[in-house]
Each structure stands twice: as structure tokens, then as C-alpha cells.
Amino acid sequence: QVQLVESGGGLVQAGGSLRLSCAASGSGFSISAMGWYRQAPGKQRELVAIITRSFSTNYADSVKGRFTISRINAKNTVYLQMNSLKPEDTAVYYCNARDSPYDYWGQGTQVTVSS
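What this report covers is the structure whose coordinates are included nearby. (Residues numbered from 1 in each chain as written. Predicted model: local features only at pLDDT ≥ 70, side-chain atom pairs only at ≥ 80, totals over all residues. Heavy atoms only, no water.)

**Some details on the overall build of the protein**
A count of helical and extended segments in the protein gives zero helices and eleven strands. Listed N to C, the secondary structure of the protein is β-β-β-β-β-β-β-β-β-β-β in terms of helices and strands. Across its three principal axes, the protein shows a C-alpha extent of roughly 45 × 25 × 20 Å. Looking at the protein residue by residue over its 115 residues, the buried ones come to 41%. Taking contacts inside the protein between residues at least 6 apart in sequence as the whole, the part at least 24 apart equals 51%. (Helix = DSSP H or I, 4+ residues; strand = E, 2+ residues; numbered from the N terminus. Buried < 20%, exposed > 50% of the residue type's maximum accessible area, 1.4 Å probe, protein only. Contact = heavy atoms within 4.5 Å.)

**Things to note about the pattern of salt bridges**
Pairing is possible between side chains of opposite charge, provided their charged atoms come close. Evaluated as defined, the whole model comprises five salt bridges. Among the salt bridges present, the one from Arg38 reaches Glu46, with a minimum N-O distance of 2.8 Å. You can call Glu46 partly exposed: its relative accessible area is 31%. A single network of salt bridges, built from pairs that share partners, joins Arg38, Glu46, Arg66 and Asp89. (Salt bridge = Lys/Arg side-chain N within 4 Å of Asp/Glu carboxyl O.)

**Thoughts on the state of the cysteines**
Inspection of every chain in the model, using the stated rule, returns one disulfide. Here Cys22 is linked by a disulfide to Cys95, with a sulfur-sulfur distance of 2.1 Å. Looking down the S-S bond of the Cys22 and Cys95 bridge, the torsion is -85°, so its handedness is left-handed. Of this pair, Cys22 sits in strand 3 (residues 18-26) while Cys95 is found in strand 9 (residues 91-99), placing the two residues 73 residues apart along the sequence. For the residue pair Cys22 and Cys95, the accessibility class agrees, reading buried in each case. (Disulfide = S-S within 2.5 Å.)

**Let's talk about the nonpolar core**
Within the largest apolar cluster, 28 residues are counted, with the highest numbers of intra-cluster contacts made by Trp36, Val48, Phe67, Val78, Leu80, Met82 and Tyr93. If you list the elements that add at least two residues to this core, you get strand 1 (2-7), strand 3, strand 4 (34-39), strand 5 (46-51), strand 7 (67-72), strand 8 (77-82), strand 9 and strand 11 (109-114). (Core = buried A, V, L, I, M, F, W, Y, C linked by side-chain atoms within 4.5 Å.)

**Remarks on the sheet that holds strand 7**
Within the open sheet, the four strands sit side by side as 1-3-8-7. Their pairing is antiparallel. Edge positions in the open sheet fall to strand 1 and strand 7, since each of these has one partner strand only. On average, each strand axis in the sheet is tilted by 15° relative to the strand beside it, whichever way the strands run. In the sheet, strand 7 pairs with strand 8 via six bridges, with the strands oriented antiparallel. Within strand 8, the position partnered with Phe67 by the bridge is Met82. (Pairing = 2+ DSSP bridges. Axes fitted to C-alpha atoms, helices over the stretch in contact; angles between N-to-C directions.)

This is how it looks when you write it as C-alpha cells:
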């Protein structure tokens, strides 16, 4: 099986920055796309950003120009650099990895942005 471990969440003031990291480990897998999702209390989980093995990216409209997703294939790691953070970015952020036809999820890391 695949295990995903996230790190980098925390409390930051509006306008600040955080960098999230996620590393995949295990055996017998070949990950294609990796991404970040987030879920705020009372809201649906939403895609934040995704990156393929060939480094094609997609971003939610709400984070374009502020967040950057990156990846190191040889390390099975994905990062999310979050700049100009806003209170509405407050959520639990989840790492996702796809090994077709399966999706794997991390436990989540809390990001709180104060005003």
C-alpha cells in the first residue's frame, strides 16, 4: 500500500506564507498525479492544485497567482508553496496521490490564517 505523510501546516497571519510537503512511501506503486485538496468546516472538499508526472498543473481559481505546486518525482514528493494567505484559505489540507485506478490520501494538515 501507499502511505502519504504531510507536513508544514500551522498558524499564520493574513498576508503570510506557508509551505506544505507530502511524501509517498510504500512498495509496488507508480504514482502519476499528485495534488492538494482542502476542506473547511461545513464545506465540501475542493481541489486546490494538482501536478502530473510530466509537471502539467491545474489550480483552483481562488488560489491562482498565490499558490505554487511542485514535485520531485524521484522522491515521490509534492509541495505547495502558499503566499499572500487569506483567512478564507483556512482549512485542513489533504495530500492526494493517484496510482490508477486507485487514489490515496494523507491524514491532513491544518492551515489557519488569522486576520
